[in-house]
Amino acid sequence: MADRHPLFVPLVLVGGLVFGFGLAYSHMARPEVVLDFLQFEDLGLVFVMFGGAAVAGLTFLLAPRLLGRAPLTGDRYERRLKPFDRDVLVGGAVFGVGWGLSGICPGAAYASLGVGNVAILWALAGMFLGAYLQGYWRSRDRAPETAPSGAD
Amino acid sequence: MVTDLVGLQVVAELFPNGVSRYAVGGLLVGLGTVLIYLGTGIHAGASTFLESTLSYVSDRSRFQQYVASRDWRLVFTLGIVLGAGVYAVVYQGGAWTTDVQPWRLLVGGFFVGVGTRVGKGCTSGHGICGVGSASKTSVVGVVTFLAVAIVTAQVVAALGASP
């Protein structure tokens, strides 16, 4: 934290501002709009996802080739690749149930608070509770690996 | 000529609010991601904030792995809230509140909280950064949650919960 570039935090803030403004502008911060999309009543949301992915994808493709390292961290530009396993399917399905039920995903929920939607605090409370419980279980799952067992 | 009109009719039905609102918003969401990436090399996703913030109040190992990133993730989320606030002041002319019932928000939020963390990402991490990286894992993740969300929303609507 101490040796971090002085512009690191300001840049993250500005990135968040643009990100949140975009979510509000697209109306994705409104659960009703997401639910209309999922019920095929207004497919406009496709443009939010593909528009965002296209802009990001072009940058992720070009930056590693044209630029050296990120100026504020000195890190290499890389693609976002996560290992595939059963968790991706199980977690994706659980997320899908929640998204389809509430019309809210994490980024859009924070933005929804910004557009004055105080009712979204219910969703945020649910998200933190869910994230806490999965973290509680998974921290416990990991414990036996580090603890010496009688069989060793 | 006739086929043109039929085509326009279909477009109007599928996109009753036009597409510019969505396209411009999506480009801005991508731009926010790109700004952070170009400056830092970081792929900023929104759902890790949930676990990283929990590290302030819980010493569980699962949350403690995010201690190094929790401060900037808090700033990123604060930026999202403020950016949406700017939209509300400039374009919306005040606060907007959802009519979706609290139980749907709470229970749905719970599943979202579990699912994004187990599934390694959400609509921004997998959907924008992951798909933008042509990551097979993220494409599978997006297809999974999109398909399940569509089925869930249709079932809930068919059962009469509205909104």
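Rules of the game
- Residues numbered from 1 in each chain as written.
- Chains lettered and ligands numbered in written order.
- Predicted model: local features only at pLDDT ≥ 70, side-chain atom pairs only at ≥ 80, totals over all residues.
- Heavy atoms only, no water.
- Helix = DSSP H or I, 4+ residues; strand = E, 2+ residues; numbered from the N terminus.
- Rg over C-alpha atoms; globule rule 2.2 N^0.38 Å.
- Buried < 20%, exposed > 50% of the residue type's maximum accessible area, 1.4 Å probe, protein only.
- Contact = heavy atoms within 4.5 Å.
- Areas by Shrake-Rupley, 256 points an atom, 1.4 Å probe, with all protein chains shown as cover.
- Lys, Arg positive; Asp, Glu negative; His and termini not counted.
- Charge placed at Lys NZ, Arg CZ, Asp CG, Glu CD.
- Axes fitted to C-alpha atoms, helices over the stretch in contact; angles between N-to-C directions.
- Parallel < 35°, antiparallel > 145°, perpendicular 65-115°, else oblique.
- Left-handed = near helix turned anticlockwise from the far one by under 90°.
- Nonpolar A, V, L, I, M, F, W, Y, C, P; charged D, E, K, R; others polar.
- pLDDT = per-residue confidence, 0-100.
- Phe/Tyr/Trp six-rings, centres within 6.5 Å; stacked < 30°, edge-to-face > 60°.
- Lys NZ or Arg CZ within 6 Å of the ring centre and 35° of its normal.
- Buried area = accessible area lost by both parts, 1.4 Å probe.
- Salt bridge = Lys/Arg side-chain N within 4 Å of Asp/Glu carboxyl O.
- Polar contact = N/O pair within 3.5 Å; in protein donor to acceptor, adjacent residues only side chain to side chain.
- Disulfide = S-S within 2.5 Å.
- 1 Å grid on protein atoms, 1.4 Å probe; cavity = no way out; pocket = protein on both sides within 12 Å on 5 of 7 lines; lining within 4 Å.
- Points joined across faces, edges and corners; volume = space filled by probe spheres on them.

Notes on the overall build of chain A
Right, on to step 1. Helix and strand content of chain A: six helices and zero strands.
Right, on to step 2. Starting at the N terminus and walking to the C terminus, you meet the elements of chain A as α-α-α-α-α-α.
Right, on to step 3. Over its C-alpha trace chain A gives a radius of gyration of 20 Å, far above what one expects of a compact globule, namely 15 Å for 152 residues.
Right, on to step 4. Looking at chain A residue by residue over its 152 residues, the buried ones come to 50%.
Right, on to step 5. In chain A, of all internal contacts separated by at least 6 residues, the share reaching a separation of at least 24 is 48%.
Right, on to step 6. Within the structure as shown, chain A displays about 7200 Å² of accessible surface, and the carbon and sulfur contribution to it stands at 65%.
Right, on to step 7. Averaging the locations of the 12 positively and 12 negatively charged side chains of chain A gives two centres separated by 7 Å.

Points about the packing of helix H4 (residues 86-102) of chain A against helix H6 (residues 102-118) of chain B
Right, on to step 1. Direction vectors running N to C along H4(A) and H6(B) enclose 160°, while the axes themselves pass 7 Å from each other. In terms of axis orientation, H4(A) runs roughly antiparallel to H6(B). Relative to H6(B), the crossing made by H4(A) is left-handed. Together, A:Asp87, A:Gly91, A:Gly92, A:Val94, A:Phe95, A:Val97, A:Gly98, A:Trp99, A:Gly100, A:Leu101 and A:Ser102 of H4(A) and B:Trp103, B:Arg104, B:Leu105, B:Val107, B:Gly108, B:Gly109, B:Phe111, B:Val112, B:Val114, B:Gly115, B:Thr116 and B:Val118 of H6(B) make up the contact between the two elements.
Right, on to step 2. Of the residues in the contact of H4(A) with H6(B), the class split is twelve nonpolar, nine polar and two charged.

Considering the confidence of the model for chain B
Residue and element names in this part refer to chain B.
Right, on to step 1. When pLDDT is averaged along chain B, the result is 95; 98% of the residues meet or exceed 70.
Right, on to step 2. Confidence, read as mean pLDDT per element, is least for helix H1 (residues 2-14) in chain B (78) and greatest for H6 (98).
Right, on to step 3. Model confidence for the complex: the whole-complex pTM is 0.93, and ipTM, which rates the interface, is 0.94.

Considerations on the packing of aromatic side chains
Right, on to step 1. Using the criterion set out here, one finds 19 aromatic pairs over all chains in the structure.
Right, on to step 2. An angle of 15° between the planes, with centres 5.7 Å apart, marks the rings of A:Tyr132 and B:Phe63 as stacked. With one member in each of two chains, A:Tyr132 in helix H6 (residues 121-146) and B:Phe63 in helix H4 (residues 61-64) form a pair that bridges those chains.
Right, on to step 3. Exposure remark for A:Tyr132: the relative accessible area of 30% places this residue in the partly exposed category.
Right, on to step 4. Overall, B:Phe63 belongs to the buried group, its relative accessible area being 0%.
Right, on to step 5. Through successive ring pairs, a cluster of aromatic residues spans A:Phe21, A:Tyr25, B:Tyr87 and B:Tyr91.
Right, on to step 6. When the ring centre of A:Phe8 is taken as origin, the NZ or CZ atom of A:Arg4, which lies over that ring, is 4.2 Å away.

A few points about the interface of chain B and chain A
Right, on to step 1. Between chain B and chain A, the contact holds 115 residues from the first and 109 residues from the second.
Right, on to step 2. For the chain B and chain A pair, buried surface summed over both sides reaches about 10200 Å², with 74% attributable to carbon and sulfur atoms.
Right, on to step 3. Taken as a group, B:Tyr22, B:Trp96 and B:Lys120 account for 8% of the area that chain B buries against chain A, more than any other trio of residues on that side.
Right, on to step 4. Remark: the boundary between chain B and chain A carries one salt bridge.
Right, on to step 5. Where chain B meets chain A, there are 38 residue pairs in polar contact (both at pLDDT 80 or more).
Right, on to step 6. Elements with a contribution of two residues or more to the side of chain B that touches chain A: H1, helix H2 (20-40), helix H3 (48-54), H4, helix H5 (70-92), H6, helix H7 (125-132) and helix H8 (136-158) of chain B.
Right, on to step 7. With 20 residues, the top contributor of residues to the side of chain B that touches chain A is H2(B).
Right, on to step 8. Of the residues that constitute the side of chain B that touches chain A, the class distribution is 61 nonpolar, 44 polar and ten charged.

Observations regarding the state of the cysteines
Right, on to step 1. All chains considered together, the criterion is met by zero disulfides over all chains.
Right, on to step 2. Residue B:Cys122 stays outside any disulfide, its sulfur separated by 6.4 Å from that of A:Cys105, the closest cysteine.
Right, on to step 3. Since its relative accessible area comes to 1%, B:Cys122 is described here as buried.
Right, on to step 4. For the unlinked cysteine B:Cys129, the closest cysteine sulfur is that of B:Cys122, found at 8.9 Å.
Right, on to step 5. Relative accessible area serves as the criterion here: at 1%, B:Cys129 is assigned to the buried category.

Here we look at empty space enclosed by the protein
Right, on to step 1. A complete count under the given rule lists one cavity of 30 Å³ or more for this structure.
Right, on to step 2. Quantified by volume, the largest cavity comes out at close to 100 Å³.
Right, on to step 3. As for the largest cavity, its lining consists of 14 residues, of which A:Leu23, A:Met28, B:Thr123, B:Ser124 and B:Ile128 are closest to the centre.
Right, on to step 4. If you list the elements that add at least two residues to the lining of the largest cavity, you get helix H1 (8-25), helix H3 (45-66) and helix H5 (106-114) of chain A.
Right, on to step 5. Across the lining of the largest cavity, the residue classes tally to eleven nonpolar, three polar and no charged.

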